[in-house]
Amino acid sequence: MKKEAVGIIAEYNPFHAGHAYHIASAKELSGARWCVVAMSGDFVQRGEPAVFDKYTRARMALMCGADLVVELPAVFAVSSAEDFASCGTALLDRLGVVGSLCFGSESGDIEAIRQAAAILAGGSPYEEALEQLLREGLRQGLTWPQARNRAVSLLAGQEGDFPFSPEEADQLLGAPNNLLGIEYCKALIRRNSRMEPFTLSRKGQGYHSRELSGEQASASALRRHMEQDLPIDEILPHIPRQLLPLYQNSRRITAGDCSSLLNYRLLELAQRDEDPARFGDLSPQLRDRLSGCLLSFDSWEGRISQLKTRQYTYTRVSRALTHLLLGITRELLEKGRELDYAPYIRILGFRREAAHLLGQIKKQAQIPMITKTAQAQKLLSPEAYALFSQDLHASHVRQSIEAAKYHICPKNEYTQPVCILSES
């Protein structure tokens with residue numbers, strides 16, 4: 001049977017005009033009837049809470065062309081790019097209805113991205129030399145991404161049959177969306193997936209740009225604007241107009257809003273004499289640095305400054321703190337990998353017109369579909385349920401932070417998927 005859906009892995013933090021373009025283009029170029037989005041939940045890969053909660057962001061996607069939004073398990077939504085990509089591709093693959101994967105990139109060159117992925121996925125003729133150069137870079141104090149990029153560039157200059165020149169390798173690996181695309185393709189190679197990847201050239205401002213300018217502002221620029229409570233009118237050219245009420249009326253939180261809760265978690269560690277290195281991304285070196293400042297109360301940003309070194313990037317430290325905040329341990333991450341990253345389908349929202357698609361997923365999916373939390377324990381193995389419970393915990397943590405910031409009584413808003421009614 002022909003697979004009728006194109007897949008997108010996203011965070012929509014927050015959703016903007018570029019994302020709407022991506023969804024429309026993915027459908028058009030793939031010829032797919034449906035678009036399925038695998039989206040991070042209440043916390044995102046850079047190691048902080050999403051600016052809007054997961055149901056608000058799912059609703060935004062559905063209002064702008066997506067047909068179904070499913071949640072990436074929280075343990076991998078806030079993990080490394082490799083784990084994030086492995087989880088997203090596994091989830092889409094195991095739905096049984098997704099035939100292609102569309103992602104944005106700076107290069108727009110799917111063949112170059114696939115070639116780089118084949119080299120980095122392991123098993124290539126360059127694997128041993130690459131590993132040696134990677135270790136050398138790490139010994140020199142480079143971060144892991146820096147060491148990997150250096151290793152590939154050096155190989156490009158040493159190997160006559162290498163598919164890239166050093167300059168091409170630098171350009172390809174020096175752009176964040178290219179790198180994530182390479183991780184998606186690596187994951188597809190490793191799981192021998194039949195999903196066909198293709199890429200769109202990213203338009204507008206760069207991924208890390210913080211300026212509201214150009215054809216399409218970045219999500220970073222929109223977050224910065226909202227953090228500063230600047231006039232909403234300034235972002236109107238960069239978001240689909242139908243989303244304006246959601247932007248205006250939805251509760252927003254930032255990493256800084258987690259500061260008090262993080263300080264409390266660190267006090268708990270000190271009281272219980274608990275080893276911080278048991279949590280994901282908290283290496284023994286970061287543990288030692290953290291142990292020296294457990295009682296030095298500071299903001300979220302301040303904590304990152306306390307721990308950041310040349311070898312540990314801002315994002316790596318932020319992810320480590322988020323793992324600690326949410327209680328995501330190395331053991332839980334390893335269990336998730338053993339379960340092939342995505343052992344269940346958690347629906348966040350769908351369009352009524354996509355009822356046929358849901359029916360096909362129920363028939364063809366390799367994993368259980370969770371539509372109500374009460375079903376989960378009966379449908380899942382104890383190991384898979386532990387991952388699912390972590391998703392619920394992450395949402396409850398976000399609720400607590402929202403309640404403190406907005407002086408409201410927390411409500412159990414995280415039990416049912418969003419359903420967008422037909423517009424006809």
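See the structure shown above.
To start, this report covers the structure provided alongside it. Treat the numbers as computed from the prediction; the structure is a model and nothing was measured.

Let's shift gears to the packing of aromatic side chains. Applying the stated rule across the entire model yields eight aromatic pairs. Over the ring of Phe-279 we find Arg-278, and its NZ or CZ is 5.2 Å from the ring centre.

Here the focus is unusual backbone geometry. That bond from Asn-13 to Pro-14 is cis: its omega, 0°, falls within 30 degrees of zero. Inspection of the secondary structure assignment puts Pro-14 in the loop between β1 (5-10) and α1 (17-30). A positive phi angle is found at Asp-281, which is not glycine, with a value near 70°. The residue Tyr-341 is not glycine, and still its phi comes out positive at about 70°. Mapping Tyr-341 onto the fold places it in the loop between α16 (330-338) and β8 (345-351).

On a regular strand, one side chain projects to one face of the sheet and the next to the other, so that they alternate. The buried count for strand β6 (residues 98-105) comes to six of eight residues, which makes it a mostly enclosed element. Across three bridges, the pairing between β1 and β6 is parallel. Directly across from Gly-7, in β6, lies its bridge partner Leu-101.

With that settled, consider the environment of Leu-91. For Leu-91, the position within the fold is in helix α4 (residues 81-95). For the pair Leu-91 and Ile-345, spaced 254 residues apart in the sequence, the C-alpha separation amounts to 7.4 Å. With residues near it in sequence (within four places) discarded, Leu-91 still touches Ala-38, Val-70, Glu-71, Leu-72, Ala-342, Tyr-344, Ile-345 and Ile-367.

Note on placement: Glu-48 falls in strand β4 (residues 48-49). One polar contact links Glu-48 to Arg-46, side chain to side chain, over a distance of 3.1 Å. When residues no more than four places from it in sequence are discounted, the contact partners of Glu-48 are Phe-43, Arg-223, Ala-255, Ser-318 and Thr-322.

We now examine the nonpolar core. The nonpolar side chains of a soluble globular protein tend to be buried with one another. Membership of the largest hydrophobic core comes to 97 residues, with the highest contact counts inside it found for Leu-68, Leu-92, Ile-345 and Leu-357. What Ile-345 contacts, discounting residues up to four positions off in sequence, is Val-70, Leu-91, Leu-95, Ile-361, Ala-365, Ile-367, Pro-368, Met-369 and Ile-370.

With that out of the way, let us pick up helix α8 (residues 166-173). Regarding α8, the residues found buried are Ala-169, Leu-172 and Leu-173. Viewed end-on, α8 has its buried residues packed into an arc of 85°, placing them on one side of the element. Exposed side chains of α8 directed beyond 90 degrees from the buried face belong to Glu-167 and Gln-171. On its buried face, α8 is in contact with α5 (110-120), α7 (144-158) and α9 (176-190).

Rules of the game
Residues numbered from 1 in each chain as written. Predicted model: local features only at pLDDT ≥ 70, side-chain atom pairs only at ≥ 80, totals over all residues. Heavy atoms only, no water. Phe/Tyr/Trp six-rings, centres within 6.5 Å; stacked < 30°, edge-to-face > 60°. Lys NZ or Arg CZ within 6 Å of the ring centre and 35° of its normal. Helix = DSSP H or I, 4+ residues; strand = E, 2+ residues; numbered from the N terminus. Buried < 20%, exposed > 50% of the residue type's maximum accessible area, 1.4 Å probe, protein only. Pairing = 2+ DSSP bridges. Contact = heavy atoms within 4.5 Å. Polar contact = N/O pair within 3.5 Å; in protein donor to acceptor, adjacent residues only side chain to side chain. Core = buried A, V, L, I, M, F, W, Y, C linked by side-chain atoms within 4.5 Å. Arc of directions from axis to C-beta.

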